Amino acid sequence: MNFPRLTHQRLVALFLLGCALFNYPLLAVFNRALDFLGVPLTYLYLFGAWALLIVALALITERGRL
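Q: Got a minute to help me understand the packing of aromatic side chains in this structure?
A: By the definition in use, this model includes two aromatic pairs. Aromatic side chains F30 and Y45 sit 4.2 Å apart centroid to centroid with 10° between the ring planes, which places their arrangement in the stacked category. Placement of F30 in the loop between α2 (24-29) and β1 (35-36) and of Y45 in helix α3 (residues 41-65) is noted, with a sequence separation of 15 residues between them. The interplanar angle of 55° and the centroid separation of 6.0 Å between the aromatic rings of F47 and W50 together place this pair among those described as tilted.

Dropping the structure here:
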């Protein structure tokens, strides 16, 4: 894969964002005994952040190919 320099920088930034999203301080914020439509708030946060990272990764890598 031959990505331009800007794509590499965006991927590194996305990795650091992922590390921050799944680290203790933010996980503690969403670790509450609350439910949204029967699903615990912690699960919604984890899967939502995971989906956000996947979509951002797809956008970054596909933009480099256009």
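Now that the structure is up, let's keep going.
Q: Got a minute to help me understand helix α1 (residues 5-21) in this structure?
A: Two residues of an α-helix separated by three or four positions point the same way, owing to the 3.6 residues in each turn. Between its first and last C-alpha atoms α1 spans 24 Å; for 17 residues at 1.5 Å apiece the expected length is 24 Å, and the two agree. Residues of α1 that are buried include every one of T7, L14, G18 and L21, and no others. Around the axis of α1, the buried residues are gathered within 65° of arc, so they sit on the same side. Turned more than 90 degrees away from the buried face of α1 sit R5, F15 and L16, all of them exposed.

Q: When you look at the nonpolar core in this model, what are you seeing that I'm missing?
A: Nonpolar side chains in soluble globular proteins generally cluster together in the buried interior. With six residues, the main nonpolar core is built from L14, L21, Y45, A49, L53 and I60. Every element with two or more residues in this core is listed here: α1 and α3. Sort the elements by how many residues they give to this core and α3 lands first, with four residues.

Rules used throughout
- Residues numbered from 1 in each chain as written.
- Predicted model: local features only at pLDDT ≥ 70, side-chain atom pairs only at ≥ 80, totals over all residues.
- Heavy atoms only, no water.
- Phe/Tyr/Trp six-rings, centres within 6.5 Å; stacked < 30°, edge-to-face > 60°.
- Helix = DSSP H or I, 4+ residues; strand = E, 2+ residues; numbered from the N terminus.
- Expected span 1.5 Å × (residues − 1).
- Buried < 20%, exposed > 50% of the residue type's maximum accessible area, 1.4 Å probe, protein only.
- Arc of directions from axis to C-beta.
- Core = buried A, V, L, I, M, F, W, Y, C linked by side-chain atoms within 4.5 Å.

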